[in-house]
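Take a look at the letters that make up each chain.
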There are 2 protein chains.
Amino acid sequence: MEAGISFDRLSLRRVTHAAGVVPAAFYRHFQSMDELGLALVDESVRTLRAMLRQAREGGPSPEHLIDSSVQILVDHVRQHRRHFAFLAETRSSGNTVLRHTIRTEIRLFASELATDLARFPILRDWSTADLQMLAGLFVDVMIAAIESILEVAGTTLSPDAPSPEAEAEIARLTAKRLRLIALAVPHWRSS
Amino acid sequence: MEAGISFDRLSLRRVTHAAGVVPAAFYRHFQSMDELGLALVDESVRTLRAMLRQAREGGPSPEHLIDSSVQILVDHVRQHRRHFAFLAETRSSGNTVLRHTIRTEIRLFASELATDLARFPILRDWSTADLQMLAGLFVDVMIAAIESILEVAGTTLSPDAPSPEAEAEIARLTAKRLRLIALAVPHWRSS
DNA sequence: CTGCTTAGTGTACGTCTGTTCACTAAATAT
DNA sequence: ATATTTAGTGAACAGACGTACACTAAGCAG
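Residues numbered from 1 in each chain as written. Chains lettered and ligands numbered in written order. Predicted model: local features only at pLDDT ≥ 70, side-chain atom pairs only at ≥ 80, totals over all residues.

## What to know about the relation of the copies chain A and chain B
So the rule is basically this: All copies are superposed by least squares; the fitting set is the C-alpha atoms of residues with a pLDDT of at least 70 in both.
Between chain A and chain B, which share one sequence, the superposing operator has a rotation angle of 180° and an axial displacement of 0.0 Å; the RMSD is 0.1 Å. What the superposition gives is, in effect, a two-fold axis relating one chain to the other. Taking C-alpha positions as reference, the residue of chain A nearest the rotation axis is A:Ala184, located at 2.0 Å.

Below, the structure written as structure tokens:
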């Protein structure tokens, strides 16, 4: 099929063609491709925040918190593959405006996670900087997981092989990583 | 200047123009842009391996191993900014062949790091899978650091601001992350 | 019913793209 | 000294690209 096409290889003409519309009609909706991109960022970021919300509400048991969080991540990526693929690709490539917008959103995401973490008793007397560090580390591990999942499933919107086996392996590895990091927390003396 | 241009926005005609040569002359050297890309991957990967080699030889004191490794990373990225920018961008974007090649190389890189780690007494009885997990985690933290450095310094080959201040901040944060992870190592029971 | 707004049409333009072809000048090997 | 390989030329092509313009059909407000 080769249906997957990254955003910055996407042309105005292709977009309008896919929409069954003549190229000039594009300007009735967006002034430029940048504007389209920002609209897509908005939409995708909403998906991202929905994921965090679900993780917050879902797991009251701190025992299986890591596993349930990873599972929520995997499910969300599977269900909103195109949003995550768009974010993952655009985060490191092409358009400068979009790249900065996404990176800023992710930093914000990490900050929210940090305030969530602050509620855990074990982390009560960690400095703000250290909490941000920990949250950023968690987020980066999650991002690596997302990229891996997208890689084993065709980076954009091709159906490809869903390969739940490879997905499960990535989930296990990611949970392992997070558990390792969590293991360090009690022994960290926050400055 | 706007001199920075990512590889997949790069056209055959731009390459030949920059080389001061007519478009058709391109085919005397490469069959396609893919082939050019693979040549660039080769060159950039050599830089990557040189970095690992230096880190291996450089630090015999395990006390400051983390700080010296991070410093080597920062220095290498500064000195070979374009190689790292190329790898970082192409790793997640555009051309499928190049993306897979780079990701495979990075996996190989992590594997080599894993065998290095196996020599540490504390890690003697870790399973191979767990060593790979740890090495992969280190590598992903390093990749995140590289991306951050490139971000604060203009992603491609623009001179921009070198901003050694922001670089140092990233170095500190990365070292902190690695120290946190290292702190967990003694308490991990390898399965 | 009338008038304004919105979404879409069709055409056309200039520019950039990859690729081909026959040809030449220089370097290299025999 | 001669033959062959190599690197580069210049022109030409067909296609895709972004963008502009005047125009039309539908939806809705007054």
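Structure's up, so let's keep going.
## A word on the protein's contact with DNA strand C
Quick reminder of the rule: Placing a C-beta atom from the backbone of each residue, we mark the residue near a molecule or strand if the atom is within 6 Å of it. Throughout, the ten residues Ala, Val, Leu, Ile, Met, Phe, Trp, Tyr, Cys and Pro are labelled nonpolar, Asp, Glu, Lys and Arg are labelled charged, and all others, Gly among them, are labelled polar.
In the vicinity of DNA strand C, 13 residues are found, and the nearest of them are A:Val22, A:Ala24, B:Ser11, B:Leu12 and B:Ala24. A breakdown of the residues in the surface near DNA strand C according to their chemical character gives eight nonpolar, two polar and three charged.

## Quick look at helix H2 (residues 33–58) of chain A
Residue and element names in this part refer to chain A. Note the threshold: Numbered from the N terminus, helices here are DSSP runs of H or I no shorter than four residues, and strands are runs of E no shorter than two. Each helix should span, by expectation, one fewer than its residue count multiplied by 1.5 Å. Every C-beta atom is placed from the backbone, and the number of other C-beta atoms within 10 Å of a residue's own sets its class: buried at 20 or more, exposed at 12 or fewer, partly exposed in between. Placing C-beta atoms from the backbone, we regard two residues as in contact once those atoms come within 7 Å.
Between its first and last C-alpha, H2 extends 37 Å over 26 residues, near the 38 Å set by a 1.5 Å rise per residue. Among all positions in H2, only Gly-37, Val-41, Ser-44 and Met-51 are buried. On its buried face, H2 is in contact with helix H3 (65–79), helix H4 (81–91) and helix H5 (96–117).

## As for the interface of chain A and chain B
In this complex, chain A contributes 24 residues to the contact, which on the side of chain B involves 24 residues. At the level of secondary structure, the elements contributing two or more residues to the side of chain A that touches chain B comprise H4, helix H6 (128–151) and helix H7 (164–184) of chain A. The class makeup of the residues in the side of chain A that touches chain B is 11 nonpolar, five polar and eight charged.

## Looking at the nonpolar core
Just so we agree on the cut-off: Here, a nonpolar core means buried Ala, Val, Leu, Ile, Met, Phe, Trp, Tyr and Cys residues linked by C-beta atoms lying within 7 Å of one another.
Membership of the largest hydrophobic core comes to 75 residues, with the highest contact counts inside it found for A:Phe138, A:Ala145, A:Ile146, B:Phe138 and B:Ala145. With 13 residues, the top contributor of residues to this core is H6(A). Among all residues touching A:Ile146, those that are not within four sequence positions of it are A:Val77, A:Phe84 and A:Ala88.

## A word on the confidence of the model for chain A
Keep in mind that low pLDDT regions are not for reading the predicted coordinates in detail. Spelled out, the test is: As a per-residue quantity, pLDDT reports the predictor's confidence and falls between 0 and 100.
Taken over all residues, the pLDDT of chain A has a mean of 92, while the share at 70 or more is 93%. Element-level pLDDT for chain A is lowest in H2(A), with a mean of 95, against a maximum mean of 98 in helix H1 (residues 12–18) of chain A.

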